[in-house]
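# Fold and geometry: a report
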Amino acid sequence: SVRVRLQRRISRCMMINLGPETATQQPAVLREVAQRRDNLAGVYGMTERVGTIRVGDGIWLHSDQ
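These lines cover the structure that appears in this document, whether it is placed above or below. Note that the coordinates shown come from a computational prediction; the quantities given were computed from them, not determined experimentally.

### Considerations on unusual backbone geometry
Working note: non-glycine residues mostly have negative phi, and peptide bonds are mostly trans. One non-glycine residue, Ala-23, lies in positive phi territory at about 65°. Tracing the backbone through its elements, the reader meets Ala-23 in the loop between β1 (3–11) and α1 (27–36). Here the phi dihedral of Asn-39 falls at roughly 65°; this positive angle occurs in a residue that is not glycine. Residue placement: Asn-39 occurs in the loop between α1 and β2 (40–49).

### What to know about the pattern of salt bridges
Inspection of the entire model under this criterion finds three salt bridges. Put simply, Glu-32 and Arg-36 hold a salt bridge, and the shortest N to O gap is 3.7 Å. Here Arg-36 and Glu-32 lie together in helix α1, a separation of four residues that amounts to about one turn. Judged by relative accessible area, which is 34%, Glu-32 ranks as partly exposed.

### Structural notes on the environment of Asp-64
Structurally, Asp-64 is set in the segment after β2. The sequence separation of Asp-64 and Cys-13 amounts to 51 residues, and the corresponding C-alpha distance is 28 Å.

### Here we look at the side chain of Asn-17
Residue position: Asn-17 is located in the loop between β1 and α1. Here Gln-25 takes part through its side chain, which lies 3.5 Å from a polar atom of the side chain of Asn-17.

### Section: a nonpolar patch on the surface
A cluster of nonpolar side chains, namely Val-4, Leu-6 and Val-43, defines an oily patch on the protein surface of about 260 Å² accessible area. With respect to the helices and strands, the residue Val-43 is situated in strand β2.

### Re the environment of Pro-27
Mapped onto the elements, Pro-27 comes out in helix α1. Judged by its relative accessible area of 43%, Pro-27 falls in the partly exposed class. Remark: the alpha-carbon pair of Pro-27 and Met-14, spanning 13 residues in sequence, is separated by 9.9 Å.

Criteria and thresholds
Residues numbered from 1 in each chain as written. Predicted model: local features only at pLDDT ≥ 70, side-chain atom pairs only at ≥ 80, totals over all residues. Heavy atoms only, no water. Helix = DSSP H or I, 4+ residues; strand = E, 2+ residues; numbered from the N terminus. Salt bridge = Lys/Arg side-chain N within 4 Å of Asp/Glu carboxyl O. Buried < 20%, exposed > 50% of the residue type's maximum accessible area, 1.4 Å probe, protein only. Polar contact = N/O pair within 3.5 Å; in protein donor to acceptor, adjacent residues only side chain to side chain. Patch = residues over 30% accessible without salt bridge, like charges linked within 9 Å, V, L, I, M, F, W, Y side chains within 5 Å. Areas by Shrake-Rupley, 256 points an atom, 1.4 Å probe, with all protein chains shown as cover.

So this is what it looks like as structure tokens:
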């Protein structure tokens with residue numbers, strides 16, 4: 001089983017503004033992140049245990065705090 005430790009939240013970048021199939025800009029995405037997500041749209045993570053993650057796999061979040 002894969003284990004990833006989330007390090008910290010990060011600010012959004014321009015890439016989330018591009019549609020995955022067409023690479024066309026979608027300004028509504030950036031507006032949403034800026035207005036409702038404090039301009040944060042990702043996390044830095046570190047792999048603690050390697051493995052394979054597939055579409056449909058379950059994800060469990062654990063807190064060390």
